[in-house]
Amino acid sequence: MDIQKDIKEVLFTTEKLAERTAEIAAQITRDYAGKEPMFVGVLRGSFIFMGDLVRQVKLPCKLDFLAVSSYGSGTASSGQVCILKDLSEDVTGRDLILVEDIVDSGNTLHYLVEMLHARKPASIRLCALLDKPSRRTKPVEVAYSGFSIPDDFVVGYGLDYAEQYRNLPYIGILAPHVYEK
């Protein structure tokens, strides 16, 4: 099966993703100089972006992960956030950078920020590779944003549709024939 045929258009090439990720890493390195931030990846979508990002941050840092579900197998958020895997580390007094693949409605990140604030970190900043502001229903402030995108369903570079397409080395718009069945 050739998954490339399911891509309507490539939005961001491998090279463009690498370039923007390096810029975000440089900004984080400047902003957290003298600190040891903890990167918290939101699984599964953020794993490729976060891996590329933290390898370019020039600071000591820690990593942890949360796994949440709000999409199921559809193309729109269900609105309900379910924690599938909680953090392994205590975040009290830590500077957290919550790393997400895409900010859509904002519901998931809004929920996670509220949950993490209750654990008394020193700070929480959001980092998202993609931002879809036209879909926002909950207020979230993204400190580090890769790209603003139109209201299309995108896959690749960790983002999926029904657990497929995460392995594409670029971000593309999924062709409607895949999900309009």
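Heads up: the structure comes first, above all this text.
These remarks concern the structure in this document. (Residues numbered from 1 in each chain as written. Predicted model: local features only at pLDDT ≥ 70, side-chain atom pairs only at ≥ 80, totals over all residues. Heavy atoms only, no water.)

A short note on the sheet that holds strand β9 (residues 171–174)
Taken in spatial order, the 3 strands of this open sheet run β1-β9-β8, and their pairing is antiparallel. The open sheet has two edge strands, β1 (7–12) and β8 (154–155), and neither has a second partner. One ladder, built from 4 bridges, connects β1 with β9; its direction is antiparallel. Bridge pairing in β9 links E9 to I173. (Pairing = 2+ DSSP bridges. Helix = DSSP H or I, 4+ residues; strand = E, 2+ residues; numbered from the N terminus.)

A few points about helix α2 (residues 47–54)
Along α2, the residues that are buried comprise F49, M50, L53 and V54. For α2, the angular spread of the buried residues around the axis is 115°, confining them to a single face. Taken together, the buried residues of α2 touch α1 (14–31), β2 (38–43), β3 (62–69), β5 (95–103) and β6 (123–131). (Buried < 20%, exposed > 50% of the residue type's maximum accessible area, 1.4 Å probe, protein only. Arc of directions from axis to C-beta. Contact = heavy atoms within 4.5 Å.)

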